[in-house]
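Geometric and topological summary
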Amino acid sequence: MDAAQRHRFMYKGTTPPWKETYRKRCVERLKNSRSRLLEKFRQMGDDSAGSNRSLLVQEVMEEEWSALQSSNHSLPSLWNGGGIRDVYTAQQEFDELSAFEEIQQELIAQELLILEEYNRSVCYEEQYLDSVLEAMEQGGRIICPICHANNLTVNSHFTSCPCGLYVNTIGRNVSAEVLETLLESRVTEHMEECLHNPTFSMAFNTDGSPNLMISCKVCDYLSVVL
């Protein structure tokens, strides 16, 4: 029995020994490639809504297989000529076919989850900014980002809300328009790095002066709005 036959006999009907390592590396690479995925998604524009094909999964699988193969030369070349199906056909007796397909489906599900979270984040940003703009158009008022119920009082001396928000703005040239720009820029800045909805709150400097803050527990984003 030659080496190839022994290999077939050893792994036939079993989980390929590289499967879990490869799966974990693919999942991690996909998560770390979120920016690439979102950029591809944005570039597709309206076409992305009706598309059922994955945007980054094949690239991730190719990249990780090449990296895994470089440290384990006994693994076959994955993407040659006709692509992954060549390897599927050649390696099917070792259960590589089902292993690859299982990992591919998991990655596609992960990709869809990232895009769904991104779409929810975009909707949140659009709804919040629309409410800010609507309030501005109705008389220079801004909905409080903390309670989402009251209009903020914004003048040259302070910004406040009946819910308890209060920031001293003497000498800072803060107007409703300035605050609107600050809120919009912070929400957008956070969304570039995280798909979850941020929260607003009050915090105090070391000298006891209050600030309006935006933060996110998921990505640890924290920034001063006012």
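Since this is a predicted model, take the numbers as computed values, not measurements.

Definitions and cut-offs
Residues numbered from 1 in each chain as written. Predicted model: local features only at pLDDT ≥ 70, side-chain atom pairs only at ≥ 80, totals over all residues. Heavy atoms only, no water. Buried < 20%, exposed > 50% of the residue type's maximum accessible area, 1.4 Å probe, protein only. Helix = DSSP H or I, 4+ residues; strand = E, 2+ residues; numbered from the N terminus. Pairing = 2+ DSSP bridges. Core = buried A, V, L, I, M, F, W, Y, C linked by side-chain atoms within 4.5 Å. Axes fitted to C-alpha atoms, helices over the stretch in contact; angles between N-to-C directions. Contact = heavy atoms within 4.5 Å.

Brief notes about the pairing of strand 5 (residues 210-215)
- When you tally the buried positions in strand 5, you get 6 out of 6 residues, the bulk of the element.
- Covered by surrounding structure in strand 5 are Pro210, Leu212 and Ile214 together with Asn211, Met213 and Ser215, the residues of both alternating faces.
- Where strand 4 (residues 199-204) lies against strand 5, 6 bridges are found, and the strand directions are antiparallel. Note on strand 5: the bridge partner recorded for phenylalanine 200 is isoleucine 214.
- Here strand 4 folds back onto strand 5, and the loop between the two strands holds 5 residues, one of which, glycine 208, carries a positive phi near 90 degrees.
- Pairing geometry for strand 5 and strand 6 (residues 222-224), over 3 bridges, is antiparallel. Looking across to strand 6, one finds that methionine 213 is bridged to valine 224.
- Where strand 5 hands over to strand 6, the hairpin turn is made up of 6 residues, of which aspartate 220 adopts a positive phi near 65 degrees.

Overview of the nonpolar core
- Ranked by size, the top nonpolar core spans 27 residues in total, and within it Trp18, Tyr22, Cys26, Met61, Trp65, Ile103 and Leu107 carry the most contacts.
- Elements represented by at least two residues in this core include exactly helix 2 (19-32), helix 3 (34-44), helix 4 (57-71) and helix 6 (96-137).
- Looking at which element gives the most residues to this core, the answer is helix 6, with 8 residues.
- Of all hydrophobic cores here, the second largest spans 20 residues; its members include Ile142, Leu179, Ile214 and Leu226.

Focus on the sheet that holds strand 4
- Strand order in the open sheet formed by 3 strands is 4-5-6, with antiparallel pairing between adjacent strands. Edge positions in the sheet fall to strand 4 and strand 6, since each has one partner strand and no second. In this sheet, adjacent strand axes meet at a mean angle of 35 degrees when their direction is disregarded.

Remarks on the environment of methionine 61
- Along the polypeptide, methionine 61 turns up in helix 4.
- Along the chain, methionine 61 and valine 27 lie 34 residues apart, while their C-alpha atoms are 9.3 Å from each other.

Thoughts on the sheet that holds strand 1 (residues 153-154)
- Taken together, 3 strands build an open sheet; the order of strands is 1-2-3 and the sheet is antiparallel. With one partner strand each, in any of the chains shown, strand 1 and strand 3 (166-168) form the two edges of the open sheet.
- The sheet contact formed by strand 2 (residues 158-160) and strand 3 spans 3 bridges and is antiparallel. Opposite serine 160, over in strand 3, you have tyrosine 166 as the bridge partner.

Examining the side chain of glutamate 64
- Considering the arrangement of structural elements, one finds glutamate 64 in helix 4.
- Its relative accessible area of 7% is what places glutamate 64 among the buried residues.
- Leave out the neighbours within four places in its chain, and glutamate 64 touches Tyr22, Arg25, Cys26 and Arg29.

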